[in-house]
Amino acid sequence: MLVAGYVLKPNGQWLLIGKHDLLKPQMFYPVQNNLTILQGDIVVRDNKGCSLYDEKFQRC
């Protein structure tokens, strides 16, 4: 399973913050790209696999 973080800019551009395999030990890792998150940007998490299924809401 892979999880990734992105910044969605107001112009529709997606910038990768970083990604990591959820099955490996979790730590803080440096980002590969030097980027600035500004007001109006949206931080998005992309989970490439369902790690927890919520029966009540029937979603990951």
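Residues numbered from 1 in each chain as written. Predicted model: local features only at pLDDT ≥ 70, side-chain atom pairs only at ≥ 80, totals over all residues. Heavy atoms only, no water.

1. Regarding the environment of Val 43
- Along the chain, Val 43 turns up in strand E3 (residues 42-47).
- Residues Val 43 and Val 7, 36 residues apart in the sequence, show an inter-C-alpha distance of 4.6 Å.
- With residues near it in sequence (within four places) discarded, Val 43 still touches Tyr 6, Ile 17 and Ile 37. (Helix = DSSP H or I, 4+ residues; strand = E, 2+ residues; numbered from the N terminus. Contact = heavy atoms within 4.5 Å.)

2. Points about the pairing of strand E2 (residues 14-21)
- Judged from the seven bridges that link them, strand E1 (residues 2-8) and E2 form a sheet pairing that is antiparallel. Bridging from a neighbouring strand, Ala 4 pairs with Lys 19 of E2.
- Linkage of E1 to E2, two consecutive antiparallel strands, is achieved through a turn of five residues, within which Gly 12 is found at a positive phi near 95°. (Pairing = 2+ DSSP bridges.)

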